[in-house]
Structures are given as structure tokens and as C-alpha cells.
Amino acid sequence: MGDSIRLREISRRTALGALGVGILGATAASWPRLTGTDIPGRNDGSLSIAILGTAADAAARQKAVDAFRRLHPEIRVRVQAIQAVDWKDFFSKILTMVAAGNPPDVVYVATEGAQLFAEKLAHPLDDFIRRDAGAMAEYFADVHPSLVEAFMYRGSLYQLPMDWNAADMYYNTKVFAASGLSRPADDWSHLDFRAALAAMRRANPGGFTPYYWTNRLFGGVVPWLYANGTSFLAEQRATGGDWLWDRFYASDPSRASRSGGYLWESPNADDPRVFETFDFLRGLVKDGLGVRPEEGGGNSLVGLFASGRIGTTPAGGYWVQGLAEAGMGPDAFDVAFFPRWASGPASALQRHQFGTAGYAIMKTAKDKDAAWEWVKFSASREAMELIFATPTTTPARRSMVNEALYAGKGPAHWKVFYDTLDRFPATGPIPAPPQQAAVETALIKNVSLAVSGDEQQLKGALSSLQNDLELALRRTA
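Worth saying up front: this structure is predicted, and the values here are computed from it rather than measured. (Residues numbered from 1 in each chain as written. Predicted model: local features only at pLDDT ≥ 70, side-chain atom pairs only at ≥ 80, totals over all residues. Heavy atoms only, no water.)

K.L.:
Explain the packing of aromatic side chains to me, please; I cannot follow it from the model alone.
P.N.:
Both the distance between ring centres and the angle between the ring planes are used here to describe each pair of aromatic rings. Inspection of the entire model under this criterion finds 33 aromatic pairs. Judged by centre distance (5.4 Å) and plane angle (10°), the rings of F128 and W372 are stacked. With a gap of 244 residues between them, F128 in helix α7 (residues 126-131) and W372 in helix α17 (residues 368-378) connect regions that are remote in the sequence. Measuring from centroid to centroid gives 5.7 Å for Y406 and F417, while their planes differ by 35°, and the two rings are tilted. Taken together, the residues span a long stretch of sequence, with Y406 in helix α19 (residues 403-406) and F417 in helix α20 (residues 416-422) at a distance of eleven residues. Accessibility assignment for this pair places Y406 and F417 in one class, buried. The ring of W243 is capped by R130, whose NZ or CZ atom sits 4.6 Å from the centre of that ring. (Phe/Tyr/Trp six-rings, centres within 6.5 Å; stacked < 30°, edge-to-face > 60°. Helix = DSSP H or I, 4+ residues; strand = E, 2+ residues; numbered from the N terminus. Buried < 20%, exposed > 50% of the residue type's maximum accessible area, 1.4 Å probe, protein only. Lys NZ or Arg CZ within 6 Å of the ring centre and 35° of its normal.)

K.L.:
Got a minute to help me understand the pairing of strand β13 (residues 310-315) in this structure?
P.N.:
On a regular strand, each side chain points to the face opposite its neighbour's, so the side chains alternate between the two faces of the sheet. The buried fraction of β13 is high, at six of six residues. Relative to β13, strand β7 (residues 168-172) is paired through four bridges, and the arrangement is antiparallel. Directly across from M169, in β13, lies its bridge partner P314. Pairing of strand β8 (residues 209-211) with β13, which is carried by two bridges, proceeds in the parallel orientation. Each bridged residue has a counterpart across the sheet, and for Y211 the counterpart in β13 is T312. (Pairing = 2+ DSSP bridges.)

K.L.:
Help me understand the packing of helix α14 (residues 272-286) against helix α21 (residues 436-451) in this model?
P.N.:
The axes of two packed helices give the description: the angle between them and the distance between them. Two elements in contact, α14 and α21, have axes whose closest approach is 8 Å; the angle formed by their N-to-C orientations is 60°. As summarised for this structure, α14 and α21 are arranged oblique, according to the angle between their axes. When α14 is examined against α21, the residues F278, L281, R282 and V285 are found in contact with a partner set consisting of V447, A450 and V451. Residues belonging to the contact of α14 with α21 are distributed by class as follows: six nonpolar, no polar and one charged. (Axes fitted to C-alpha atoms, helices over the stretch in contact; angles between N-to-C directions. Parallel < 35°, antiparallel > 145°, perpendicular 65-115°, else oblique. Contact = heavy atoms within 4.5 Å. Nonpolar A, V, L, I, M, F, W, Y, C, P; charged D, E, K, R; others polar.)

K.L.:
Honestly, the sheet that holds β7 in this entry has me stumped. Any pointers?
P.N.:
Backbone hydrogen bonds are what pair the strands of a sheet, in a parallel or an antiparallel way. Here four strands make up an open sheet; going across it, the order is β8-β13-β7-β14 and the pairing mixed. Two strands bound the open sheet, and with one partner strand each, they are β8 and β14 (333-336). Strand-to-strand twist in this sheet, taken as the mean axis angle between neighbours without regard to direction, amounts to 25°.

K.L.:
Please explain the pairing of strand β15 (residues 353-361) as it appears in this structure.
P.N.:
Here β15 lies mainly inside the structure; nine of its nine residues are buried. Here five bridges tie strand β3 (residues 106-110) to β15, and the two strands are oriented antiparallel to one another. Within β15, the position partnered with V109 by the bridge is G358. Bridge count between strand β6 (residues 163-166) and β15: four bridges; the pairing is antiparallel. Counted as the bridge partner of D163 is A357 from β15. Two elements, β15 and strand β17 (residues 428-429), share two bridges in a ladder whose sense is parallel. Along β17, the bridge assignment pairs Q353 with G428.

K.L.:
Explanation requested: the packing of helix α11 (residues 190-203) against α14 in the structure shown.
P.N.:
It is the contact of α11 with α14, at a shortest axis distance of 12 Å, that shows an interaxial angle of 5°. On the basis of the axis angle, α11 is roughly parallel to α14. In this structure, α11 uses H190, F193, R194 and L197 to contact α14, whose residues at the interface are F280, G283 and L284. Of the residues assigned to the contact of α11 with α14, the class counts are four nonpolar, two polar and one charged.

K.L.:
Honestly, helix α4 (residues 62-71) in this entry has me stumped. Any pointers?
P.N.:
An α-helical segment advances 3.6 residues per turn. Residues three or four places apart therefore align on the same side. Taken residue by residue, α4 has A64, V65, A67 and F68 as its buried positions. The buried residues of α4 occupy an angular sector of 165° when projected down its axis, which confines them to one face. Those residues of α4 that are exposed and aimed more than 90 degrees away from the buried face are K63 and R70. (Arc of directions from axis to C-beta.)

K.L.:
Teacher, can you tell me more about unusual backbone geometry here?
P.N.:
Comment: phi is negative for the bulk of residues other than glycine, and the bulk of peptide bonds are trans. Put simply, G410 and P411 share a cis peptide bond, and its omega is 0°. Looking at the element boundaries, P411 is found in the loop between α19 and α20. With a phi close to 50°, R154 is a non-glycine residue in the positive phi region.

K.L.:
Before we go on, may I ask you to explain the side chain of Q350 in this structure?
P.N.:
By the secondary structure assignment, Q350 is in the loop between β14 and β15. Engagement of the side chain of Q350 in a polar contact is seen with the backbone oxygen of D186, the distance being 2.9 Å. Dropping the residues within four chain positions of it, Q350 is found in contact with D186, D187, W188, F337, F338, P339, R340 and F424. (Polar contact = N/O pair within 3.5 Å; in protein donor to acceptor, adjacent residues only side chain to side chain.)

K.L.:
Could you clarify how one ought to interpret the confidence of the model for the protein chain in this entry?
P.N.:
Across the protein chain, the average pLDDT comes to 89, with 89% of residues at 70 or higher. Low pLDDT, under 50, characterises residues 1-41; the stretch is placed with 126 contacts to residues that sit more than four places away or in other chains. (pLDDT = per-residue confidence, 0-100.)

K.L.:
Before we go on, may I ask you to explain the pattern of salt bridges in this structure?
P.N.:
When the charged atoms of two side chains lie near each other, side chains of opposite charge can form a pair. Tallying each qualifying case throughout the model produces 26 salt bridges. The salt bridge involving R258 is made with E149; its shortest N-O contact spans 2.7 Å. In this pair, R258 sits in the loop between α13 (242-248) and β11 (262-267) while E149 sits in helix α9 (residues 145-149), placing the two residues 109 residues apart along the sequence. Summarising the burial analysis for this pair, R258 and E149 share the class buried. In this structure, E385 engages R381 in a salt bridge whose closest nitrogen and oxygen atoms are separated by 2.6 Å. (Salt bridge = Lys/Arg side-chain N within 4 Å of Asp/Glu carboxyl O.)

K.L.:
What exactly am I supposed to notice about α11 here?
P.N.:
Its 14 residues place the ends of α11 20 Å apart at the C-alpha level, agreeing with the 20 Å of an ideal helix rising 1.5 Å per residue. Contact partners of the buried residues in α11: β7, α10 (173-178), β8, α12 (222-227), α14 and β13. (Expected span 1.5 Å × (residues − 1).)

K.L.:
Just checking my understanding: could you explain the environment of L147 for this structure?
P.N.:
Here L147 is to be found in helix α9. The class of L147 is buried, set by a relative accessible area of 0%. With 249 residues separating them along the chain, L147 and A396 place their C-alpha atoms 7.6 Å apart. Beyond its immediate stretch of four places on either side in the chain, L147 contacts P161, W164, F354, T356, A396, Y418 and L421.

Here it is as C-alpha cells:
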């Protein structure tokens, strides 16, 4: 769910934590490294592009940089890879650079930080898109509106989605077959899912986990809440955005439901459906069908899944390359839609969860026109094919999620990835308000407690979550 981050290196969707920690904890000795003042060429006038990753990740974008320079020889570009434990750490380092007066011009931002950047750091793309509407029409025609809406904030668009991932359900086909199970139906329910876990447990009594999940937003409790038509935050939509929807998505069937962006401004942990959802997960843990979720996540998960010690786990298209490199053949695993809630509200419509990522132009960018040219080029088919040459993520362009991308690697039902949006248009982004750091900290603090005890403990944990969220949402992002 961003910048082609391989699961084996870093979990894409982990807790944001306290974004200010990097600033407050910087020592005199580490300040140049944190602020980027020791980077060669820092002040040479180049357009500075910050991404989460390593020097190898920056080098992998060189082909795209070279292609951009052929179109714009007058714009020098420097891709700066910032190593970080997770998105939390990455955003903290960006904030440190801003505080030091050395911010990058453009930053690759995932859903977790989109509203934080939109409210505090990023420049809206509205005028650029209006100006270049003719050139941008092809891009929007190839990108699902749900991804675009995730980067709307109070009527303005701040990023163009480049890649994304939904929380679909991966399963080990050999384990399924040995447990007497066939491929899940597209509309399987949470009760069907539990029955499948029980079958796997009977067939694999020891050293095996039917369901593995982590204590984080992506693939944690949130997709189950979405399936049940609820969330731990009350979800609303902002007004506005008609300038984009009427221009680029006027004939889309979902046009009438599109908005000026998502708003998460109040807690919702006291919703009875939140209790019902947590209670279901508590039952999986209690009966040995699922693990007690660990915070963060998933660095060793590819190996565990590839070795047959895990039956199912939620993940996105970013898993495919990692599984192939771990030795799983294209028929050894497959992916299905996330289960619906058997008795949930009809409005949920088997709603899934997704995260997306794209470039944000900083308010402090030295040359915003040059920055826009980079963003616009990066969203082109040419650039995206250079950057997303392997299935380390799901490209935002529908046309790129094709048989050639998954050839020789699987899964057999790769169409599930983009069909998650096309078949379930109510599918929504990770709940990420500007106070995301404090909000996710509150969630993580209470999830393990909620699912690891009796019903009374669950009620207490949800009450604590409600109170913690109220405090978190009062904070200034």
C-alpha cells in the first residue's frame, strides 16, 4: 500500500507513531544526517525528490529520471532515498528536514501521511491539473476514482496516485487443498472464513497458523471493520471536488458519490458493530485459529507463508514479487477478495480497505512548475512502466495490472487486485486524519488487549480506545 516497498525489507503499512520524535531527538552529531545538509549537491538548484528507501531504490528510478531529462533538459532532478523503519519514521525525518530549513521539493507520500501533508506541508495540484486538463485526461481515464478521492482534502487534490494496495486475502493453495478446501467464493462471508480456518487447523494440528494478522492499520482490524460497515473513526465526506469529478469522471457510475475528500473527525469505537467485529477476532485468537496480533509488522511473514506455516493473511499486490523470490511458484498461492460480513449492513457491500501513494509538491518547493512537470511525468504510462516493472506493488493505472506483469509469478487470480475497486466501489482508504500519528498509536495500544481476554476485557479496551481517540483527535497535527 507505496513506492514499490518490498515486504521483505519493510512493512508498507505500519504505525505512524509520534511524528515529532525525530525532531525532538536529533542530537548535534546526527543533525547533518537527519536534515540532509551533508548530501552532495544539496544546494545545486536541482529538484529534490524524497522517497522512502535505500540508495538502491533511488538508483532504480534512474531510468525514469533519464527519461524525464530527455523531455525537460532544463530541469535537474536528484532523487534522495531516505532510509526509515516505516512510514512513521520517514515522515518524522521529512519534518526534521523542514524544521532545519532544508525540505525536499517533492515527497512520495502514502495514505498514512496524505492529510498531514495536505494540511501542513503540501501545495494543491488543482491549478496545474486545470491548466493541463487535456494532457491529464488519459491518466484519469486509466485510474479508478476511489484512488484519486483518497488524495482529495477539503475539495483540493494534493497527489496523483501512482501505486496502491488493497487488503485482499492471500491463501496457500497447497494448505487449502490438503485441508479439503477449494478456492473461496467471491462473496464468501466472515463465517465461511472461520470455517476454512477451522478446517486448516484440523488438518495441521501443530506448528501452523491458519490466520496471521498484525496490529496495524493495513491488514489489521480495519479491513474487518470495513467489511462490517463500520470503523473505529466516524467517516464523513467534505464538500467540493466537482471541478475534478465533472471534468474527468462525469460518465463514471460512481460520480454522484464522489466528494471533496474523506474526513475522520470523531471516534467511533463505541459503535456496537465495532464490538461485534473485535469479538469475532477475539474468538479466532481464543480458539487458536489466528495469532494474537503483534505490533508493526510482517518482516518475516513472506518466509513463513512460503514455507507453508501460514494458511491465510491479508496483503496487497506488493506481496507477489516477494513470494516469487522466496521460492513460491505461481500456483503455490492465490488471492481472493476479503470476506464480507454475513449479517452486516447492505451499505457495506463487501467493502475493502486500501492504501495508495503518490508525489506531493511541498509548499516550500523552489520551482513548483518544475515540480509539477516531474509529478505529471511520473504519472505517465512511460514513467510508471519504468518504475513498476515488477509486481512489488499494484500500479494505479488499471491498464498496467495485466497478465504480463504477473507472468511466471502468479497469482492465478491476479485480476482480484484491481477488481477490488471495480467490483466494490465503496472500498475506501485507510482512515488517516491529519492527527494520524496519535490516532494510530491509540488504536495499536488497545487492539491486542481487546482480542486477548474475555468479553469484559474487550469492553474495557474499546472504552479505552474511545477515550484515547477523543484525546488524539484534539491534538494539532
